Amino acid sequence: MALVVAAEATALLGAAAWYGYELATGAPVLSFWGAVFTMALLLAFAAWLFAVGHFLFRGYRWTRSASLVAQLFVLIVGVPTLTGGLVWAGLAMLIPALLAIVLLFDKRVVAYVSRTGGSPPAV
C-alpha cells in the first residue's frame, strides 16, 4: 500500500518537473505567477504524499484517512481526464487510485496500522 502512495508521489514529482521545464522554456501561459503557484501545489502535494507513504509504511493510523482523501482527489481529476479524451492519462490516474482504495480497506492493512501491545505504537 505504501508503495502505491509513493509511486503516485513520484508521478506527481515528475509532473511538477515537466511543468517546471515547460515553464522555463517559455511555454505560453495566461499568468506566469499562476503557473508558478500550480507548480508549487504539485510539489507540495508530492511531498505530502511521500510523507503519507512513509508513515503508512511505519504503521501510523492517520495515514489511512490521508491516503483515502488523496485517492478521492485523484479520482476527481482522473474521471474527467478519462472522459475528456485523454484515455491513457486518465487510466494512469484511476487504476492506482482504485487499487489504493481497495488496499486501504484490506484487513491486513487495517491490522497493520492498528497494532497494539509489543509492537511499535500506532499513532
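Note that the coordinates shown come from a computational prediction; the quantities given were computed from them, not determined experimentally. (Residues numbered from 1 in each chain as written. Predicted model: local features only at pLDDT ≥ 70, side-chain atom pairs only at ≥ 80, totals over all residues. Heavy atoms only, no water.)

A. Here's a closer look at a nonpolar patch on the surface. Judged by side-chain polarity, W48, V69, F73, I76 and V77 come together as a nonpolar surface patch covering roughly 470 Å² of accessible area. Among the elements that make up the nonpolar patch, the one with the highest residue count is helix α3 (residues 62-83) (four residues). Tracing the backbone shows V77 in helix α3. (Patch = residues over 30% accessible without salt bridge, like charges linked within 9 Å, V, L, I, M, F, W, Y side chains within 5 Å. Areas by Shrake-Rupley, 256 points an atom, 1.4 Å probe, with all protein chains shown as cover. Salt bridge = Lys/Arg side-chain N within 4 Å of Asp/Glu carboxyl O. Helix = DSSP H or I, 4+ residues; strand = E, 2+ residues; numbered from the N terminus.)

B. Representation of the packing of aromatic side chains within the structure. Across all of its chains, the model carries four aromatic pairs by this definition. Each ring, one from F32 and one from W33, has its centre 5.1 Å from the other, and the planes form 80 degrees; the classification is edge-to-face. Residue class for F32 comes out partly exposed when judged on its relative accessible area of 44%. Its relative accessible area of 64% is what places W33 among the exposed residues. Consider the rings of F55 and Y60, whose centres lie 5.1 Å apart with planes at 80 degrees: the pair is edge-to-face. Judged by relative accessible area, F55 falls into the partly exposed class, the value being 25%. (Phe/Tyr/Trp six-rings, centres within 6.5 Å; stacked < 30°, edge-to-face > 60°. Buried < 20%, exposed > 50% of the residue type's maximum accessible area, 1.4 Å probe, protein only.)

C. Examining helix α1 (residues 2-24) more closely. Taking 1.5 Å per residue as the helical rise, α1 with its 23 residues ought to reach 33 Å, and the 33 Å between its terminal C-alpha atoms agrees with that figure. Every buried residue belonging to α1 is among A2, V4, V5, E8, A9, L12, A16, G20 and L23, and all of these are buried. Where α1 is buried, its residues meet α2 (32-58), α3 and α4 (87-104). Two residues or fewer after α1 comes G26, characterised by a positive phi angle close to 90 degrees. (Expected span 1.5 Å × (residues − 1). Contact = heavy atoms within 4.5 Å.)

Take it as geometry only, folks, not as evidence of what the structure does.
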